[in-house]
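Listed below, chain by chain, are the residues.
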Protein chains: 2
Amino acid sequence: MKIAIAQLNYTIGDFEGNKEKIICHIRKARKDGAKVVMFSEQAISGRPAYDLLNDIVFLEKCNETLSEIAKESSDITTIIGLPLQIDNSTISAAAIIHNGKISRFIGKQNVISRDESYHLARSHGYEFVRVEGRNIAVVLGSDIYSEHDFGNDVDVIVRLKSTRYSRGIIEKRYDFYSKIAYKTNSNVIAVNQLGGQTDIVYDGSSFVFNRKGEAVALLKSFEEDYAVFEVDSDMPALRIPEQDKARNVYRAIKLGLKDYFVKNGFKKACLGLSGGIDSAVVCALAAEVLGPENIHVLMMPSQYSSDHSVEDAVKLAETLGIKYDIVPIPGIFDSVNNSLTEVFSGVDQDVTEENIQSRIRGVLIMALSNKYGYIVLNTSNKSECAVGYGTMYGDTVGALSILGDLYKTEVYELARHINRKGEIIPQNTINKEPSAELRPDHKDSDSLPLYDILDAILYRLIEENQTIEEITTAGFENDTVHKVFRMLMANEYKRYQFCPVLRLSTCTLGTDRILPLTYNHSCLL
Amino acid sequence: MKIAIAQLNYTIGDFEGNKEKIICHIRKARKDGAKVVMFSEQAISGRPAYDLLNDIVFLEKCNETLSEIAKESSDITTIIGLPLQIDNSTISAAAIIHNGKISRFIGKQNVISRDESYHLARSHGYEFVRVEGRNIAVVLGSDIYSEHDFGNDVDVIVRLKSTRYSRGIIEKRYDFYSKIAYKTNSNVIAVNQLGGQTDIVYDGSSFVFNRKGEAVALLKSFEEDYAVFEVDSDMPALRIPEQDKARNVYRAIKLGLKDYFVKNGFKKACLGLSGGIDSAVVCALAAEVLGPENIHVLMMPSQYSSDHSVEDAVKLAETLGIKYDIVPIPGIFDSVNNSLTEVFSGVDQDVTEENIQSRIRGVLIMALSNKYGYIVLNTSNKSECAVGYGTMYGDTVGALSILGDLYKTEVYELARHINRKGEIIPQNTINKEPSAELRPDHKDSDSLPLYDILDAILYRLIEENQTIEEITTAGFENDTVHKVFRMLMANEYKRYQFCPVLRLSTCTLGTDRILPLTYNHSCLL
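All of these numbers come straight from a predicted model, not from anything done at the bench.

Student: Can you help me understand the overall build of chain A in this one?
Tutor: In terms of helices and strands, chain A carries 16 helices and 19 strands. Against the 2.2 N^0.38 benchmark of 24 Å for 525 residues, chain A shows a C-alpha radius of gyration of 25 Å, consistent with a compact globule. Across its three principal axes, chain A shows a C-alpha extent of roughly 85 × 50 × 50 Å. Buried residues in chain A amount to 62% of all 525 residues. Of note, chain A has its 58 positive side-chain charges centred 6 Å away from the centre of its 71 negative side-chain charges.

Student: I tried to follow the nonpolar core on my own but got confused; where do I start?
Tutor: Nonpolar side chains tend to gather and get buried jointly when the protein is soluble and globular. Counting 67 residues, the largest nonpolar core has B:I253, B:V281 and B:L414 as the members making the most contacts within it. Top contributing element to this core by residue count: helix α6 (residues 277–290) of chain B, with eleven residues. For B:V281, the contacting residues outside a window of four places in its chain are B:L403, B:V411, B:L414, B:A415, B:I418 and B:I425. Of all hydrophobic cores here, the second largest spans 65 residues; its members include A:A269, A:L320, A:L406 and A:I418.

Student: Sorry, what's going on with the relation of the copies chain B and chain A here?
Tutor: What relates the pair of chain copies is a rotation about an axis plus a shift along that axis. Between the two copies, chain B and chain A, the superposition gives an RMSD of 0.0 Å; the rotation angle is 180 degrees and the shift along the axis is 0.0 Å. Taken together, the rotation angle and the small translation identify this as a two-fold axis. Ranked by how close their C-alpha atoms come to the rotation axis, the residues of chain B are headed by B:Q497, at 2.3 Å.

Student: Teacher, can you tell me more about the packing of aromatic side chains here?
Tutor: For any pair of aromatic rings, the description consists of the separation of the ring centres together with the inter-plane angle of the planes. Residues and elements named next belong to chain A. Applying the stated criterion across every chain, the model contains 28 aromatic pairs over all chains. Between Y407 and Y459, the aromatic rings sit 6.4 Å apart at their centres with planes inclined by 65 degrees, giving edge-to-face as the arrangement. With Y407 in the loop between β19 (400–401) and α11 (408–418) and Y459 in helix α13 (residues 451–462), the pair connects residues that are 52 residues apart, well separated along the chain. Using a relative accessible area of 2% as the deciding quantity, one classes Y407 as buried. Here Y459 falls in the partly exposed class, since its relative accessible area comes to 36%.

Student: Just to check I follow, could you spell out helix α2 (residues 56–71) of chain A for this structure?
Tutor: Every α-helix winds through 3.6 residues per turn, so residues three or four apart in the chain are directed the same way. Residue and element names in this part refer to chain A. Here α2 spans 23 Å end to end across 16 residues, near enough to the 22 Å set by a 1.5 Å rise per residue. Where α2 is concerned, the buried positions are F58, L59, C62, T65, L66, I69 and A70. Along the axis of α2, the buried residues cluster in a sector spanning 145 degrees; they form a single face. Exposed residues lying more than 90 degrees from the buried face of α2 are I56 and K71. Looking at the packing, one finds that the buried side of α2 touches α1 (15–31), β3 (77–86), β4 (89–98) and β5 (101–107). Measuring from the backbone nitrogen of V57 back to the side-chain oxygen at the start of α2 gives 2.9 Å, which picks out D55 as the cap.

Student: It is not clear to me how the pattern of salt bridges should be interpreted in this structure. Could you clarify?
Tutor: Between side chains of opposite charge, a pair can form as their charged atoms come close. Evaluation of the coordinates by the stated rule reveals 68 salt bridges over all chains. Of the charged contacts, one joins B:K19 and B:E16 as a salt bridge, the two residues approaching to 3.3 Å between their closest N and O atoms. In this pair, B:K19 and B:E16 both sit in helix α1 (residues 15–31), three residues apart, roughly one turn of the helix. Residue class for B:K19 comes out buried when judged on its relative accessible area of 13%. With a relative accessible area of 47%, B:E16 lands in the partly exposed category. Three or more residues joined by partner-sharing salt bridges are found here, namely A:D115, A:R164, A:D199, A:R503 and A:D512.

Cut-offs used in this document
Residues numbered from 1 in each chain as written. Chains lettered and ligands numbered in written order. Predicted model: local features only at pLDDT ≥ 70, side-chain atom pairs only at ≥ 80, totals over all residues. Heavy atoms only, no water. Helix = DSSP H or I, 4+ residues; strand = E, 2+ residues; numbered from the N terminus. Rg over C-alpha atoms; globule rule 2.2 N^0.38 Å. Buried < 20%, exposed > 50% of the residue type's maximum accessible area, 1.4 Å probe, protein only. Lys, Arg positive; Asp, Glu negative; His and termini not counted. Charge placed at Lys NZ, Arg CZ, Asp CG, Glu CD. Core = buried A, V, L, I, M, F, W, Y, C linked by side-chain atoms within 4.5 Å. Contact = heavy atoms within 4.5 Å. Least-squares fit on C-alpha atoms with pLDDT ≥ 70 in both. Phe/Tyr/Trp six-rings, centres within 6.5 Å; stacked < 30°, edge-to-face > 60°. Expected span 1.5 Å × (residues − 1). Arc of directions from axis to C-beta. Polar contact = N/O pair within 3.5 Å; in protein donor to acceptor, adjacent residues only side chain to side chain. Salt bridge = Lys/Arg side-chain N within 4 Å of Asp/Glu carboxyl O.

Note that all results are geometric; they support no functional claim without further evidence.
Following this line, the structure appears as structure tokens:
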């Protein structure tokens, strides 16, 4: 028996577009002689739909679309995910369509995702579907984690899922499912969603493991894909390819950025190019994904900018072939300071004046955006967001942050990947010491630990959820760990108003990690 | 048997401070001859603690604090809420302390709050506690909604809760519990939390209804309070006071604002005063709550500001006795425009220049904040936030928005309440037609329906969750309803980066109502 797997890119609420894709793949599967065709979790609606999941009009459209899909499902069993209204609540369900008729729904039991734990009710969990004498266990999303015993009679476990990309997850998934397949002596199929959804990237990477735990089908990562699996045939075992973390991050960002523009109907982007590493990486990625003709950057040097800043930025812009303008900010800076002379009389210069520069840049880049309808790309990184080393309404500006979930050291890694075939990002941008250039001879290391130390501590605090004690025991300096911890805990208010951050790690600040804004900061010490 | 009810103001993670308050009230209750003393849900930790609810260090501190409280609970039964780690998850529990020993925990079953549906696991629900021969059903939070049959043997139903204030809720609660008490033939006691927690105001308003459904104890709203109830005594029935909505909103804002400052250790605030109604109301409230000596405002007129704008603003500032500075923005505006001359050459003036003015004001007010350590109060209202009638990084700036959950018409209502004993907010500010004054002869009604129409439609869409069809059927113009609906659905991206909004309605945008940022906007039409 053949089972077809359709790994597709859906748009939330685009019922017509999603339906067309789905029906096209049902036809393809039938043509390929498949008896079953499966789609991901919430394929009909797109995901995560947030409050739309509890909107009656939205849920009715899901149902209507399902009925239309059912009509196209003759001579095949279609297994497809959708949000479903049951009594007065919504569940995540798989519709089982046998030969054109919706025969039943299987609901997700464990609703553990932060994006929908409020919206979805708990349902009954996996059930068996019988097709051509085979027992297929249909499992939704996270139910697979709680259920490792499907009995002896199971031929195929199919999991409908929509799991976002996070650094290192693809290899872990393969490993996990290989073991499930071997332990349960079943074929295991997972079909994942694909595509960007504002801050989320569904990486696809759907797969089939046979009863021996061998991979026999590996669908593409970061691209739509389709495959047919013949149950218990002797499809040859595939070697699971080595995963290159920098390359995967690079591909994830490209997909997330592209879909953000495509699905919102946007075309052109703008950003501020400082000559530093972060904006250079954002710019190179944007030019590649959106096309150099769709990028317009501003260089906005101040009196504290070093000579090489504009030089490096111009060099990158010319290499990429993008439009750029140089708009020096000292005139505006003076004008702001003059206006405030009386208000600030008798008080020394301090961080206020540094922030004014950053916010003037925010004003200029937003003006460019408003004037020409460009979308502003944010250029902050995760290290800065974590410790609050950035100016609100200056550095936080943008429609989307594509580096906000990458530590500074990971941004360098990405820069080297972008330059893998030759210099795109100027070597000087990569080599020079990081600086916000907001005062004379300013260096990031004036206020922060060196980035390799900072990032290592942050990674342990955020991704590994280690305690201060564990980190100092591992050899990090006590004072430094305490300082970083305090900065991390005290800057939630800045992250609260930050623009959406493309989620690339296992713990994205602001979405996967949320603190109160008012609390006793020493309560975890 | 006497039961004491302690309605207290806790701070998240301030275990020492919370413990002291709690122990002080245990002693007081014992002195008053009470056999039981009860505290609200998650009293030990404060609430909502978000991810701290799953932090081991935080949970251990909860446990330690509970042990210390238990030691002080001899000769009385203490019923107190805390987050509790059970296996690898956290539940919201009531600890039952009999004579100094923690005898057991009762866990919350229905976790329905958006603030903790991700963090808390489902527990078993209400249980009985026997004290002095009486059966007390201990219920946590929302479990009361699913459980109306406690059997015949119940003497008292006690509910530990932490329910936030929302417009109209207090009267509804009284009504609901009066019925529960009558139907179950039990005494019903609810003890609520009190105080502001960034965007939340716990209004207190704890109460006791007797078996006849009569109120026999009504604790204060918006203040800490304490009361003792004698079970099945003939305490006289109280008349439930009429609730004045404008007055309750006013008191809620004052409490929320005060606690935001007190609990964060802040003292001084600043804001931009335009001469319009919104900033005038924020300013009057801030001066009242924080003291006029702690308020510093900027008037930032542009060439489009009318003469009365600064006059009205100055009049208010002088009435309140607060510090003010007038910082005209045309110089900075020209400087920004000059810098962009080449970049914008050949393109007409448009909304870009309007936004630049708003963002310059953001730069100035943030500079004032940075220089003197003031906290910026945002001055937007809910009508604007709903339809996106505001400039990102200009109108959205601030640490806290105290009017962002009030429709424009409700802001006027509040202004009249503030002026109830005499003119504080200038009558001209209340009388004049609303205008953002960003271009010559600008009126809000150039782009928006009149506010009484706009607010009525928004209320139906947001608070009442009505469909477009229902609203047009009710008599609103079809085109207007569609326009408002589209604006509401299309501006989620602006709300995403908005500052925290004090929640005063039953559906606060951005926290109680969350849409995807990328979706097919016509999917609900």
